[in-house]
Structure formats: structure tokens, C-alpha cells
Amino acid sequence: MPLLEVQDLTVRFHTRDGIVRAVEKVSFHLEPGETLGLVGESGSGKSVTCLSLLGLVPCPPGRVEQGRALFDGLDLLSCGERRLRGIRGRRIGMVFQDPMTALNPYLRIGTQLSEPLTCHGASRRREAWARAAAALTEVGIQDAERRLQCYPHQLSGGMRQRVVIAMALIAQPDVIIADEPTTALDVTVQAQILDLIRALQKARRTAMVLVTHNLGVVAGACDRVAVMYAGRVVETGSVTDVFRQGLHPYTQALCRALPRPGARGTDLYSIPGQPPRLTEACPGCPFAPRCPAATACCQEPVTLAEARTGHWTACVRTQRGEL
Amino acid sequence: MAKPVQPEPQADTHGQPGLRRRASLWRDAWRRLRRNRMAVLGLVVFAVLALACVGGPWLSPYSYSATDLAYGAQPPSLRHWFGTDALGRDALTRVLYGGRVSLAVGFLATAVSMLIGVLYGATSAYAGGRVDAFMMRAVDVLYALPFTVFVILLMVAFGHDIRLLFLAIGAVQWLTMARIVRGQVLSLRRREFVEAAVCLGLSPARIVLRHVIPNVFGPVVVYATLTVPAVMLLEAMLSFLGLGVQPPMSSWGVMIQEGAQKMEDYPWLLIYPAACFSVTLFSLNFIGDGLRDALDPRSAED
């Protein structure tokens, strides 16, 4: 039984310019201990999907219109703020994108780190502080006792991200949601942080949803991947399946657009056209206007279907075996 | 817990300053404040003035209300350092007595306004949506209420009482504070660390009190130092209308007002209270500036 099962999640933002369909009928599931990559370009709905799981979509203007997110038998989307609060931090941890802004500049590292423990009434201050020190050591920060006394601005970016990770993990959650945890860091630190997350996750069998637009990160860190485009999941499957034998033309185009060593001097491939405006309803395949393989049938409604075992695609033509 | 995973490279930890053990935001702030020369000067000057106002009247050989008509309207001399007023009352003693009232009104009313304003503004902004709209419309309504009418109503209802003065002024001053705090919190609320706090499962009350309010201290403290003089002036106005302190009691505001009317004949009756008032305001401004910097941990250069 999956640990987290999201079904038909639909999130819309009701703005003055119209209804923005940020997430349309997104479904995925997460097994215990596994890592699911959510990839897609900016605005494809990755972050909103994650935020809605923890009830963090700003409302108004955002609204979860439809769908369920079953976590351990409880629907996160309808269980109400109070029960959600018991889940946040303790059962589902979140790692934010930018470690520069994800820590409160006015509180010491130790205070922030021990907060998830003290606020759930799990432990007393001194005990929580000790566990915070242990957590810092665990994320590879030396001299933890002293670091606990620091303010965030006294630490470097990489160290802060380690703190943010320690904060997400300190209450030993079953799931971590990491929203582009390495985007704000420079490349060498990125690799360290990813290794760190992977190692900690393995050691504790924590499941993870890793949001990123970096295909390399997905290939290196995930077991399964869901490719998102214009608020929908267009393809999902194991990392090898999706990247080696992408079924959806969008996934194939994404892989083609990756820079390759040895391909010096040639132009980088880019997908022609622009992603669709999310304010306009799009019943068919959202990628059709940019898709080289699009035909008239792509205008008809399409759902994710299993094309091979464990490998799902939302391309009508692939489903019919035409591609 | 598990053994360390991949230690942080040394390059990341080089020469990080200020790793000393510290107790609290306030103790840190105090240490930083002491480094700010102007703030310390302001603090010292203000402390001297406040002490003089509190203790001085006991040491003074004169009573603030005893008149000596034969010795009226004397310029400053060794006998009466600040001179005497038209009724022959010792101006120094009166300045000190008036200072008690002014400082008390200034601080208590400011404290009241800060307490209400910060909590109200932060709650309103953090709650957002309809709650926010409702709370802020309530502020607008109160804003529209003429202040003097409000005070007169209070006085009529509860009689003359200096404590009512604190209450009345505080009850009006918090409105601006609430608006300032609300604006700050609105922008803070969407910052990632607040969302991170939500993700940790903290309750809204805890987030507002521990994560949001400390971040608005800076503007609040600065505004508070501006509120103190404003409040003192308000008190002067009320007293002028006969709603504040009653003669023979006095306050700086009242003395300045009276002094200004007789400025050409008895300038010392204006100069001394006005000087005390200005010095207080100056020192408060320096203290406020210093506090703003000191309360921000990022400004620690040690």
C-alpha cells in the first residue's frame, strides 16, 4: 500500500485575470522509502502540488478544487487545519528551496531546529536542544553545540541548507518534500547536499518527493519520476524507463534539450513555442501546439494510462501505439 | 543518531565570527547597544533626566504649588535656578514635577499603544482575508472618531483621573502602530521562513509570537520613540483644554504652552521646560535608532 497517494489533485488560483489552472488532475503515489522526482519547467505546477499537500496554498486566491491525497489513510486535502498541523513536521517534513530565506534571521539555529520537537510536546527544551545538536552532527556540521548558538546569517549557504534539512528531518517524518533543495546553491555544494539527502533518506527509509527542474538531479537521486507540463503529469515511471525510453513527446524533447558533453559547437535543442497560458481551459493534450507528432486526436481529452508495466503516459498517440 | 554523514568542508566554516555562547535576543541586543556611542549617550542623558524628575522634587526646598507673590516672575538666580513663574513658584521644581507627568504619560501610553498595536496588527495581517478586512475597518472607524470627543466622553463617563489620560491616549495611538505592524507582517507572512514554520507544524499563535513579531521589532521600536513625544504633546493639548492634568499640577507640555504665551517677558519659563522636552526627545531618538540596529542580529559585527 502506498504511503502517499494523490488522486486527481486540482488546484486553481482565482485571480483578476481569470482562473489559473495551476494543477489539473494530478495523480501519483509514493511508496515507503522511495524517492519520486517531480520534474517540469517553471510554472508546470510542481511546487503548487507540494504546497497543497501540506495545506500551504495561499487561499485566497488559491483553492484546491478537487482530488484526494491519502496519507496513511487520512486525506490531507480535507482533514482540516488542526489535524494537518499534527502531520506537518512530524510525519511530513519539508525542505525549502532557498536556505537564505527559509530560516528566521531573528532566531538561533538551535531554537529553530528544536521547535518541531518542543511544539509537538514531544520533548522538553533541554532534551530537544540535545537532539538538535545530534541532528546537526548528522547532517555533517562539525562543532554542533557551538553552531546551535549561531544566527542564520553567520552560516554559509551550504551550511544553512544542511540546517534546513536537519530541521525537516529532526522529528523523523515518513515523507520529506524537498522543493528544489539545491537550486539556490552552487554546483559543488549541490552535489554534497544531494548526497547528504540520499544518505539520510536511505538510513531512515524516509520517502521523498523531490521537486526539481534539473534532469540530472532526478537521474542521480530518484527511483521514479513524474514529468509535469502545464499543471498535469504527462508521464510517470521509473527513472530508467522515463529517461531511456520516454513515451511522451514532451519527455523526449526535454531529454533532447539536455546539453551533452562531446556535442560542442552544435546548437542546443530547444522546444519551439511557449507553454500554454494556464488561464485558458485546455481539454486536450496541453503539449499539442508544440508537439511535432500532434494530430487532430490530440485535441480530445486525455488521461494518464499505463502503456507498459509501471510506465504511464498521457499521450494519446503513444497509448494507441502510433508512436 | 547515525554517525556524521559527509562532514562540511572546512572552506565552508572559515572564520565564522561570533560563535560565543549567548543567552537571548535581548542580551545580545543589549551588548550591541552598548557599542553604539550615541545610544549610550542618549541612555545616560535620559536616565539622568528621569532620575531628576523622579527624585528631584524631594530634594528641592520648594513645593511645586507654593506661591510666593513677592518673588514672582524672577529670572534664574542662585536661589531659583530656573527662575520663578508669575505666581512666584519655583520653576525648577515645577519642571521636575511636570517631567514626572510627561514621562509617565509618554511611556505608559506608548507601552499601551505598542502592546495593543503590535498584537492587533500582527494578528490581523497573519489571519488575512475577511478577518483582516474586518479588523482593519474597525481601525478605520476608530481613526475617524475625533480624539478630543473620545477623551471628553471618557472623562464624562469616568470622571477626572490621570490614569484615564494614559488609557485614552494609548487607545488612540495604537491605531497607527497596528497599521504599521500590519504592513510589515503582510510582507513577512509570505517569507519562506514563516512557511517553513508552518511546515514544522507550529500553531498560528506560536508563529506570530515567535517568528513574526521579533521581525517587526525594528520599525516598532523606531515608531515607539516617535510616539513618546507625540503622546507628550497630546497630553499638553488635553491639559490645555482642561481635560488633562489640573493646576496646580503641571507637565512639560502645559509649561511650554504657558511659557510660549509669556515668551517675551519671561523667556526662562519657556526655555527650561522646552529644553528638557527636546533633550528627552533627542535622547529617545538616539536610543530608538540604537535599539533598532541592536535588535537585528545581522548587524552584529563582532
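To keep things clear, this report deals only with the structure shown in the data block. (Residues numbered from 1 in each chain as written. Chains lettered and ligands numbered in written order. Predicted model: local features only at pLDDT ≥ 70, side-chain atom pairs only at ≥ 80, totals over all residues. Heavy atoms only, no water.)

With the rule as written, the count across this model stands at seven aromatic pairs over all chains. When the ring of Y229 of chain A is compared with that of F287 of chain A, the centres are 5.2 Å apart and the planes differ by 85°; the resulting orientation is edge-to-face. Here F287 of chain A lies in the loop between α10 (249-256) and β11 (305-308) and Y229 of chain A lies in strand β9 (residues 224-229), a separation of 58 residues in the sequence. Of the two residues, Y229 of chain A and F287 of chain A, neither departs from the other in class, the shared state being buried. Its end group placed over the ring of Y269 of chain A, R256 of chain A keeps NZ or CZ at 3.8 Å from the ring centre. When the ring centre of Y97 of chain B is taken as reference, the NZ or CZ atom of R100 of chain B above it lies at 5.1 Å. (Phe/Tyr/Trp six-rings, centres within 6.5 Å; stacked < 30°, edge-to-face > 60°. Helix = DSSP H or I, 4+ residues; strand = E, 2+ residues; numbered from the N terminus. Buried < 20%, exposed > 50% of the residue type's maximum accessible area, 1.4 Å probe, protein only. Lys NZ or Arg CZ within 6 Å of the ring centre and 35° of its normal.)

We now examine the sheet that holds strand β5 (residues 74-75) of chain A. Residues and elements named next belong to chain A. Spatially, the four strands line up as an open sheet ordered β2-β1-β4-β5, and their pairing is antiparallel. The open sheet has two free edges, formed respectively by β2 (18-30) and β5, since each of these has just one partner strand. Both strand β4 (residues 62-71) and β5 contribute to a ladder of two bridges, which runs antiparallel. Paired with F71 across the two strands is L74, which belongs to β5. Sheet strands in contact with helix α1 (residues 46-53) are β1 (4-15), β2 and β4, and its direction is about 110° off that of β1. (Pairing = 2+ DSSP bridges. Contact = heavy atoms within 4.5 Å. Axes fitted to C-alpha atoms, helices over the stretch in contact; angles between N-to-C directions.)

So, about the pattern of salt bridges. All names here are of chain A. Applying the stated criterion across every chain, the model contains 18 salt bridges over all chains. Here D174 and R91 are joined by a salt bridge, their closest N and O atoms 2.6 Å apart. Of the two residues, D174 is situated in the loop between α6 (157-169) and β7 (175-179) and R91 in the loop between α2 (81-87) and β6 (92-95); the sequence distance between them amounts to 83 residues. We classify D174 as partly exposed; its relative accessible area is 27%. (Salt bridge = Lys/Arg side-chain N within 4 Å of Asp/Glu carboxyl O.)

A separate point is the pairing of strand β10 (residues 232-238) of chain A. Residues and elements named next belong to chain A. The buried fraction of β10 is high, at six of seven residues. Judged from the six bridges that link them, β9 and β10 form a sheet pairing that is antiparallel. Across the sheet, the residue bridging to A226 is T236, located in β10. As consecutive antiparallel partners, β9 and β10 are separated by two residues, and within that stretch A230 has a phi angle of approximately 50°, a positive value. As paired elements, β10 and strand β12 (residues 311-313) share two bridges and run antiparallel to each other.

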